[in-house]
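This is what each chain is made of:
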Amino acid sequence: MRKTRATTLAATAMAAALALAGCAKDSGTSGSSNNDNAAAGSCVTAQAPAATAASTTSSAAGAKVDASKLRVALAFDIGGRGDASFNDAAAAGVDKAKADMGVTDVRESTASPTEDEAAKEQRLTQLAADGYSPILAIGFAYATAVQAVAPKFPNTQFAIVDDDSVTAPNVTPLVFSEEQGSFLVGVAAVYKSKNCHVGFVGGVNTPLIQKFEAGFIAGAKAASNKVQITSDYLTPAGDNTGFQDPAKGNIKAAAEFSAGADVVYQAAGASGKGVFQAASAAKGLAIGVDSDQYHQATVAEYKDVIMTSMLKRVDVAVYDYLRALATNTLSSLPKRFDLSVDGVGYSTSGGQVDDIKPQLEGYKQAIISGAITVPSTPQK
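Definitions and cut-offs
Starting from 1, residues in each chain are numbered consecutively following that chain's sequence as written. Where local features are concerned, this predicted model is filtered to residues with pLDDT of at least 70; where side-chain atom pairs are given and counted, the filter is 80 or more; whole-chain, interface and lining totals use all residues. As a convention, hydrogens and water are excluded, and side-chain values are obtained from all of the structure's heavy atoms. UniProt positions are given in the numbering used here, feature names are shortened, and annotations may be inferred rather than shown by experiment. One bridge is not enough; two strands pair if DSSP finds at least two bridges between them. The secondary structure listing takes helices from DSSP runs of H or I that are at least 4 residues long and strands from runs of E that are at least 2 residues long, numbered from the N terminus. Simply put, an axis is a line fit to the C-alpha atoms, just over the touching stretch for a helix, and the angle between two N-to-C directions goes from 0 to 180 degrees. Disulfides are defined as cysteine sulfur pairs within 2.5 Å. Here the expected length of a helix is defined as 1.5 Å per residue gap, with one fewer gap than residues. Each residue is assigned to one of three classes by its accessible area relative to the maximum for its type, calculated with a 1.4 Å probe on protein chains only: buried under 20%, partly exposed between the two thresholds, exposed over 50%. Pairs of residues are marked as contacts when any of their non-hydrogen atoms sit within 4.5 Å.

Where an unreviewed UniProt entry is consulted, the protein appears under the name BMP family ABC transporter substrate-binding protein, with the organism given as Amycolatopsis thermalba. Checking UniProt for the protein, the heading Subcellular location (unreviewed entry) contains the comment "Cell membrane".

Trainee: Is there a simple way to think about the sheet that holds strand β9 (residues 285–290) in this case?
Mentor: Sheets are built from strands that pair by backbone hydrogen bonding, the pairs being arranged parallel or antiparallel. Pairing is mixed in the open sheet, where six strands are placed in the order β7-β6-β8-β9-β10-β11. The strands lining the two open edges of the sheet, one partner per strand, are β7 (228–236) and β11 (344–346). Put simply, the sheet's adjacent strands are angled 15° from each other on average, direction ignored. Relative to strand β10 (residues 306–312), β9 is paired through five bridges, and the arrangement is parallel.

Trainee: Help me out: how do you make sense of the state of the cysteines in this one?
Mentor: Simply put, disulfide is the name for a covalent bond between the sulfur atoms of two cysteines. In this structure the tally under the stated criterion is one disulfide. Disulfide pairing is shown between Cys-43 and Cys-196; the S-S distance is 2.1 Å. On the sign convention where negative means left-handed, the S-S torsion of about 65° between Cys-43 and Cys-196 marks this disulfide as right-handed. Note that Cys-43 is positioned in the segment before β1 (71–76) and Cys-196 in the loop between α4 (178–192) and β6 (197–205), a separation of 153 residues in sequence.

Trainee: Mind showing me how you'd approach helix α1 (residues 86–101) here?
Mentor: Given 3.6 residues to a turn, an α-helix orients residues that are three or four positions apart in the same direction. Look at α1: 23 Å from first C-alpha to last across 16 residues, which is about the 22 Å you get at 1.5 Å a residue. Here α1 has its buried residues at Phe-86, Asn-87, Asp-88, Ala-89, Ala-90, Ala-91, Gly-93, Val-94, Ala-97 and Met-101. Looking one or two residues past α1, Gly-102 carries a phi angle of roughly 80°, positive in sign.

Trainee: Whenever I open this one, the sheet that holds β1 confuses me. Can you help?
Mentor: Reading across from one edge, β2-β1-β3-β4-β5 is the order of the five strands in this open sheet, with parallel pairing throughout. Both edges of this open sheet fall to β2 (105–110) and β5 (171–174), since each of them pairs with a single strand only. In this sheet, adjacent strand axes meet at a mean angle of 15° when their direction is disregarded. Judged from the three bridges that link them, β1 and strand β3 (residues 135–138) form a sheet pairing that is parallel. If you follow Ala-73 over to β3, its bridge partner there is Ile-135. Packed onto the sheet, α1 meets β1, β2, β3 and β4 (158–161) and runs at close to 170° relative to β1.

Pasting the structure below:
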């Protein structure tokens, strides 16, 4: 098991062009007090960028589409449907396509935590041989298998979530700016922290999960130049059991709460349930990931401690992909699902961040405009 602890982490650089000066700096200099929000705790040292009237977008806009001819296969990552996180988000996209576009033929298959590449290739091969198209590979762990299988079935459409390394003409990458959404919940964590100490628990120490950590750190440091941040991973790269071990998630999060953290963000798949358990026991707060976990049935007993969730809209990407495939408009899909297309974001369910929404929207707009660039690797 690999553990990284970060108690003093570098802040992300803020562009000088921000409408309101005083956003957090890389140095230890004090930011201006955020007096525009009465709910802000003493941890907040930087004034949030000004928010303008927010615009909304909808991936479902447009004429009704008939996708009933699509035979959709979902090759889930470990945890599968019911993980209350990443896989459930993908499933929600397909479920919406069933309701809106008439998709009826769907097959689901789930990876096991310890399976090898041969098993993944066999899964994809069997789905393609059975005539399913498109085949949605849910997770970067399928990259090697998609690379091997897709060329053998040139008339089968494949999509892979969280990987853009496969360049075959029949493969569509669905990738996200996880760091941008994580930045916003990092800001929220600081605003809600009473101890000025927040934490992060990642499932597996991979470059993808490091993007969540990087954004969270950057957002926390943007809001405060004195916040303490603790980061832990459940397993090292190559050991994917970190995404399906709630007990281990509980232990790691409990240690962070015991050390003084009072808000912990988890990017750990099904292991996140253990983080919520630890938050409840410590009378702290937690931040969910991928789906709006406040509404997830499998963690419903802990919803009161879920102050927000970083929304990684895998559901939107999957739905938009199926719609584009049915209308032969794949080229219209964004290269990356980011804040500008609502590909990532934050939830407001439960009302715990309603009072700081103007500040979060200000940071969101600054990221979209390019005034803030969020790092994708942790700045330590």
